[in-house]
Amino acid sequence: MTNRQLFLQHVAQTSQTPIGIEMVKAAGIHLWDTDGKKYVDLISGFSVCNIGHSHPKVVKAVQEQAAEYMHLIVYGEFIESPQTAYAKFLTDHLPATLNCVYFTNSGAEATEGAMKLAKRVTGRSKIIAFNRSYHGSTQGALSVMGDEYWRNAFRPLLPDVYHYDYNNEDAINAIDSQTACVILETVQAESGITTPSKEWLQTIRKKCDEHCVLLILDEIQSGFGRTGTRWAFEQFDIVPDILLLGKALGGGMPLGAFIASQKMMNTLTHDPVLGHISTFGGHPVSCAAGKAALEVLLDGNFIAEVKRKEKILIDHLIHPAIISKNSFGLWMSLQFASDEINRAVIHQCIQNGLITDWFLFAPDRLRIAPPLIISDEEIKEVCSTIIRSISQVIK
């Protein structure tokens, strides 16, 4: 049997139409398939590979750590230097109140841990979430996902979760003394890169403070320079009580985290003991890879160049079929007249060597989120290929 047949028969599928290209190599912004065809990864493995694929320093960190030790014991029992080193390095680049890291396997698990922490700290159960939000697909994360189409098949879900429109004052009015937490994406990803007003976010922060409510900011996609600063919340002059990270956190290896103050995080150590546990959370190889990737990101000039590169995208992606563009850093959506047109453009882009996709809550929008290492000329070439792909579909 071919690998494609084995993939379809023995690997659980997430849709009826997977992209289905068999890749054999990845380096920098590029991927190669079994026929030797080269593709530009225009979505960075869904915002995972912010410094590109297989960076030599990350590969070296993985190899060296794997040679020392991999899994030893359930997370949190032994002192493992990759975890402690990465936790210290992360918190050195975060506000002082975000000084304690709980490593998980994924962003979804970070969401789960953060919700538990909020309930434990506040003694409350009410959660405010937002329509068209995405925080993962596990049942707790699904409960705060902002779309009934995705939730309905798996009910009953967590009770006492209330959804409001993003960037709307109704959510502010709903924050009260019964609320445990407000969970939101600093920049909403799967609605097609939706940016809130600075005033709205700051008002939510103020209302949370007034009622001793924890503010959870999800930067699983927007973190690590994607928006032009290390963390998107820096551009809104607020600090969350709990920060969610994932995607680029592991430098290509599976890793997530929720980060809070040590005082809050210590509530998970008693009543009950082992308030949150994970076997593989903070895997030493993943932590070594993530630290190396963050060092590469911060040592380079990549974040400082994001806004300038965003303008290149904006200036060069012009076509009558593009109805609107949303962008925030090297993160953009292109809207077309219908889902069908967008799917056709995506397919044509892939045929022309660009890997892209749609958005969960905006299927009429094409996703652009290249590795931050992409050069100016490579961005212009990408834009040219997108315009050519659109013209091939809409003749």
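In case you missed it, the structure is sitting above this.
Computed from a predicted model, the values in this text were never measured in an experiment. (Residues numbered from 1 in each chain as written. Predicted model: local features only at pLDDT ≥ 70, side-chain atom pairs only at ≥ 80, totals over all residues. Heavy atoms only, no water.)

### Observations concerning the nonpolar core
So, step 1. Within the largest apolar cluster, 113 residues are counted, with the highest numbers of intra-cluster contacts made by Phe103, Val182, Ile204, Phe224, Ile242, Phe258 and Ile386.
So, step 2. Residue contributions to this core peak at eight residues, all from helix 11 (residues 284-299).
So, step 3. Those residues in contact with Ile386 that lie beyond four places of it in its chain are Leu42, Leu317, Leu334, Cys349, Leu354 and Ile368. (Core = buried A, V, L, I, M, F, W, Y, C linked by side-chain atoms within 4.5 Å. Buried < 20%, exposed > 50% of the residue type's maximum accessible area, 1.4 Å probe, protein only. Helix = DSSP H or I, 4+ residues; strand = E, 2+ residues; numbered from the N terminus. Contact = heavy atoms within 4.5 Å.)

### Description of unusual backbone geometry
So, step 1. Pro156 follows Arg155 through a cis peptide bond whose omega is 5°.
So, step 2. Structurally, the position occupied by Pro156 is in the loop between helix 7 (148-151) and strand 6 (161-164).
So, step 3. Note that the residue after Asp271, namely Pro272, is joined by a cis bond; omega there is 10°.
So, step 4. Mapped onto the secondary structure, Pro272 falls in the loop between helix 10 (262-265) and helix 11.
So, step 5. With a phi close to 60°, Phe224 is a non-glycine residue in the positive phi region.

### Digging into the environment of Lys309
So, step 1. Tracing the backbone through its elements, the reader meets Lys309 in helix 12 (residues 306-316).
So, step 2. In this structure, the C-alpha to C-alpha distance between Lys309 and Ile379, residues 70 residues apart in sequence, is 7.7 Å.
So, step 3. When near neighbours in sequence (up to four residues on either side) are disregarded, Lys309 contacts Leu330, Leu372, Ile373, Ile374, Asp376 and Ile379.
So, step 4. Of the polar contacts made by the side chain of Lys309, one reaches the backbone oxygen of Ile374; its length is 2.6 Å. (Polar contact = N/O pair within 3.5 Å; in protein donor to acceptor, adjacent residues only side chain to side chain.)

### Some thoughts on the sheet that holds strand 2 (residues 30-33)
So, step 1. Here four strands make up an open sheet; going across it, the order is 1-2-3-13 and the pairing mixed. Every interior strand has two partners, whereas the edge strands, strand 1 (23-27) and strand 13 (354-355), have only one.
So, step 2. Here two bridges tie strand 3 (residues 38-41) to strand 13, and the two strands are oriented parallel to one another. Pairing of Asp41 across the sheet is with Ile355, part of strand 13. (Pairing = 2+ DSSP bridges.)

### A short note on helix 5 (residues 107-122)
So, step 1. Taking 1.5 Å per residue as the helical rise, helix 5 with its 16 residues ought to reach 22 Å, and the 23 Å between its terminal C-alpha atoms agrees with that figure.
So, step 2. Looking at helix 5, one finds that the buried residues are Gly107, Ala108, Ala110, Thr111, Gly113, Ala114, Met115, Leu117, Ala118 and Thr122.
So, step 3. Of the residues one or two after helix 5, Gly123 is the one with positive phi, at around 70°. (Expected span 1.5 Å × (residues − 1).)

Everything listed is a geometric property; what it means functionally is a separate question.
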